[in-house]
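Inside the fold
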Amino acid sequence: MTIFSKIIAGEIPCYKIAENEDFFAFLDINPLAQGHTLVVPKMEVDYLLDLDDKTLADMMLFAKKVGVAIKKAIPCKRIGLTVIGLEVPHAHIHLIPINSEADMNFHKPKLQLSADEMSKIAELIRSKF
Ligand code: AMP
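Here's what I pulled together on the structure shown here. All figures in this text were calculated on a predicted structure; none of them were measured in a lab. (Residues numbered from 1 in each chain as written. Predicted model: local features only at pLDDT ≥ 70, side-chain atom pairs only at ≥ 80, totals over all residues. Heavy atoms only, no water.)

Notes on helix α3 (residues 115-126)
Spanning 12 residues, α3 covers 16 Å between terminal C-alpha atoms, matching the ideal 16 Å at 1.5 Å per step. Listed as buried for α3 are Met118, Ile121, Ala122 and Ile125. With its buried residues spanning 95° around the axis, α3 presents them on a single face. Where α3 is buried, its residues contact β1 (16-19), β2 (23-27), β3 (37-41) and α2 (53-73). (Helix = DSSP H or I, 4+ residues; strand = E, 2+ residues; numbered from the N terminus. Expected span 1.5 Å × (residues − 1). Buried < 20%, exposed > 50% of the residue type's maximum accessible area, 1.4 Å probe, protein only. Arc of directions from axis to C-beta. Contact = heavy atoms within 4.5 Å.)

Okay, structure coming up:
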């Protein structure tokens, strides 16, 4: 079971943003920006491009809804979408509020946000659906 499957199952806590039958969204615990969110399929597949066509298409539509809510909650120019997947072997899309290309740099030091700040950010995004 991947760490993301444990999050989806509620065995590991997360700052949940949204969920439907097939997908789950939660705040990245080491965020590049406030509102940095991960979208994952409930189906445990390692690599995003190995998802079947329908699941991948549906995941993008779910990510769109989540991204639109993040954009309403967090002042930014765009929501950047990134797929890396080198760390956790469970397909996921990063949604990151950005104002410049440099904001997508994963080498940047991650933000240190308190549990209270993370909860408030998640609550704010959830309120924008
Ligand atoms: P990557 O697989 O390279 O796309 O990176 C995995 C991402 O998952 C990283 O940005 C981590 O900060 C994030 N991550 C790992 N464990 C957790 C967790 N328990 N809760 C939230 N995000 C996590």
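Focus on the pairing of β2
Taking burial as the measure, the 5 residues of β2 include 5 buried ones, the bulk of the element. As defined by bridge partners, β1 adjoins β2 across 3 bridges and the pair is classed as antiparallel. Following the sheet pairing, Lys16 is matched in β2 by Phe26. Here β1 folds back onto β2, and the loop between the two strands holds 3 residues. Inspection of the sheet shows β2 paired to β3 by 5 bridges, in the antiparallel sense. Across the sheet, the residue bridging to Phe24 is Val40, located in β3. (Pairing = 2+ DSSP bridges.)

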